[in-house]
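Analysis of the macromolecular model
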Amino acid sequence: MGSLTTKTALVTGSSRGIGRAIAIRLAREGALVAVHYAGNEQAANEVVAAIEGDGGRAFAVRAELGAPGGVHELLLGLELGLKERTGGTDLNILVNNAGVMGGVAPEEVTPEQFDRLYAVNAKAPFFIVQRALANMPDGGRIINISSGLTRFANPQEVAYAMTKGAIDQLTLHYAKHLGPRGITVNSVGPGITNNGSPVFGIPEAVAQMSALSAFNRIGEPDDIAGAVAFLAGEDARWITGSYVDASGGTLLG
Ligand code: NDP
């Protein structure tokens, strides 16, 4: 029996990449998982099918984060899916994973691009936490996917990294706020992780990116999912407000 049997989880942005691996891993540990996506319904349904094929439980929820009403739509879909399957709307584990990257030189970032990055990566997680807390019983888990770029400079991603710095602040202050309820709040900071983007098919680029890690390889989504599963479990009950460096040693320099 998995360690998360009887638990429910929401993983935002779990139709692809790191979120997909987290959803599959939490389901494998026994959790009923809400697989959230923005537009890629087919990919989300495939994740649900993979989980069910593995003997797990999952359902898909659509919501465009960063758009007006997106958080409300997400929570409504989540509650509907939970109610159908459990008879209640309790959410034990929230993983704020959905995010967009920038990749724009500091001199060229437009106010619109900056606002979009903040809306999806920082504002949405804040209001998801605010809303989801009404559903979260004592002893719950909130895990925010940050980035090694909060501690490793890459000027092309300055605006993006600022949003992830905001996520780390969400972790710090909410950890204190929710301690009395036994709810832990932690950040996990991946380094470069293979999310299936075309760049990960270019051997020269992969070699360059691999060299940044102490292990001389790029991260795989499962590497991040393992850290998240640990924080979601009972063994991590004494860890809150922390930043877990899941960059494969990239921050060692
Ligand atoms: P991907 O681009 O592979 O997947 C993004 C996921 O987020 C998809 O499920 C997508 O849904 C969803 N999503 C994107 N925009 C929105 C939106 N506006 N509203 C709702 N859902 C949205 O991401 P990664 O797996 O690479 O990254 C996951 C997290 O990890 C992000 O927070 C990222 O910043 C962070 N990270 C990633 C690193 C990496 O190297 N990959 C390194 C460090 C941090 P849909 O499929 O429907 O589009």
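The preceding data block contains the structure.
Described below are features of the structure shown in this document. Note that the coordinates shown come from a computational prediction; the quantities given were computed from them, not determined experimentally.

**Side note on the nonpolar core**
Ranked by internal contacts, the top residues of the largest apolar core, which has 33 residues, are Ile22, Leu26, Val33, Val35, Val95 and Val188. Those elements giving two or more residues to this core turn out to be strand S1 (8-11), helix H1 (17-28), strand S2 (32-37), helix H2 (41-53), strand S4 (93-96), strand S5 (141-145) and helix H7 (221-232). Residue contacts for Leu26: discarding those within four places in its chain leaves Leu4, Ala9, Val11, Ala31, Val33, Ile93, Val95, Ala229 and Ala232. Formed by 29 residues, the second largest nonpolar core is a distinct cluster that contains Leu78, Leu178, Ile183 and Val185.

**Examining empty space enclosed by the protein**
If you walk through the whole model with that rule in mind, you get one cavity of 30 Å³ or more. In this structure, the largest cavity spans a volume of roughly 30 Å³. What lines the largest cavity is simply Thr12, Leu65, Asn96, Asn97, Ala98, Val120, Pro125 and Ile128. Of the residues that constitute the lining of the largest cavity, the class distribution is five nonpolar, three polar and no charged.

**With respect to the pairing of strand S6 (residues 184-190)**
Of all seven residues that make up S6, seven are buried, and the element is covered over most of its length. The alternating pattern of S6 places Thr184, Asn186, Val188 and Pro190 and Val185, Ser187 and Gly189 on opposite faces, both of which are buried. Sheet analysis places S5 next to S6, joined by five bridges and oriented parallel. Considered in S6, the bridge of Arg141 is made with Thr184. Running through helix H5 (residues 158-178), the crossover from S5 to the neighbouring parallel element S6 is right-handed. Of the pairings in the sheet, the one linking S6 to strand S7 (residues 243-246) comprises four bridges and is parallel in character. Bridge pairing links Gly189 to Asp245 in S7.

**With respect to the site of the ligand**
As a structural note, the neighbourhood of the ligand is formed by 30 residues, with Ser15, Gly39, Asn97, Tyr160 and Asn195 the closest of them. Between the ligand and Ala38, the relevant distance is 2.8 Å, taken from an oxygen atom to a main-chain nitrogen or oxygen of the residue. Note that an oxygen atom of the ligand is positioned 2.5 Å from one of the side-chain N or O atoms of Tyr160. Taking 900 Å² as the accessible area of the ligand by itself, protein coverage stands at 91%. Judged by the proximity of its atoms to the pocket grid, the ligand belongs to the largest pocket.

**Remarks on the sheet that holds S7**
The strand order across the open sheet formed by seven strands is S3-S2-S1-S4-S5-S6-S7, and the pairing between neighbours is parallel. Each of the sheet's edge strands pairs with one partner strand only, and the pair in question is strand S3 (57-62) and S7. Strand after strand, the sheet turns through a mean of 20° between neighbouring axes, direction not considered. With three bridges joining them, S1 and S4 adopt parallel strand pairing. From the neighbouring strand, Ala9 faces S4, where its bridge partner is Ile93.

**Things to note about the side chain of Thr171**
If you trace the backbone, Thr171 turns up in helix H5. Under the relative-accessibility criterion, Thr171 is labelled buried at 1%. Engagement of the side chain of Thr171 in a polar contact is seen with the side chain of Ser187, the distance being 2.7 Å. Among all residues touching Thr171, those that are not within four sequence positions of it are Asn144, Val185, Asn186, Ser187, Gly241 and Ser242.

**Describing the layout of surface pockets**
When its volume is computed, the largest pocket comes out at roughly 1,200 Å³. Lining the largest pocket we find 43 residues, and of these Ile18, Gly99, Met101, Tyr160 and Asn195 sit closest to its centre. Only H1, S2, helix H4 (111-132) and H5 provide two or more residues apiece to the lining of the largest pocket. Looking at which element gives the most residues to the lining of the largest pocket, the answer is H1, with three residues.

Rules of the game
Residues numbered from 1 in each chain as written. Predicted model: local features only at pLDDT ≥ 70, side-chain atom pairs only at ≥ 80, totals over all residues. Heavy atoms only, no water. Core = buried A, V, L, I, M, F, W, Y, C linked by side-chain atoms within 4.5 Å. Buried < 20%, exposed > 50% of the residue type's maximum accessible area, 1.4 Å probe, protein only. Helix = DSSP H or I, 4+ residues; strand = E, 2+ residues; numbered from the N terminus. Contact = heavy atoms within 4.5 Å. 1 Å grid on protein atoms, 1.4 Å probe; cavity = no way out; pocket = protein on both sides within 12 Å on 5 of 7 lines; lining within 4 Å. Points joined across faces, edges and corners; volume = space filled by probe spheres on them. Nonpolar A, V, L, I, M, F, W, Y, C, P; charged D, E, K, R; others polar. Pairing = 2+ DSSP bridges. Right-handed = clockwise from strand over helix to strand, strands pointing away. Near = heavy atom within 4 Å. Polar contact = N/O pair within 3.5 Å; in protein donor to acceptor, adjacent residues only side chain to side chain. Areas by Shrake-Rupley, 256 points an atom, 1.4 Å probe, with all protein chains shown as cover. Sits in = over half its atoms within 2 Å of the grid points. Axes fitted to C-alpha atoms, helices over the stretch in contact; angles between N-to-C directions.

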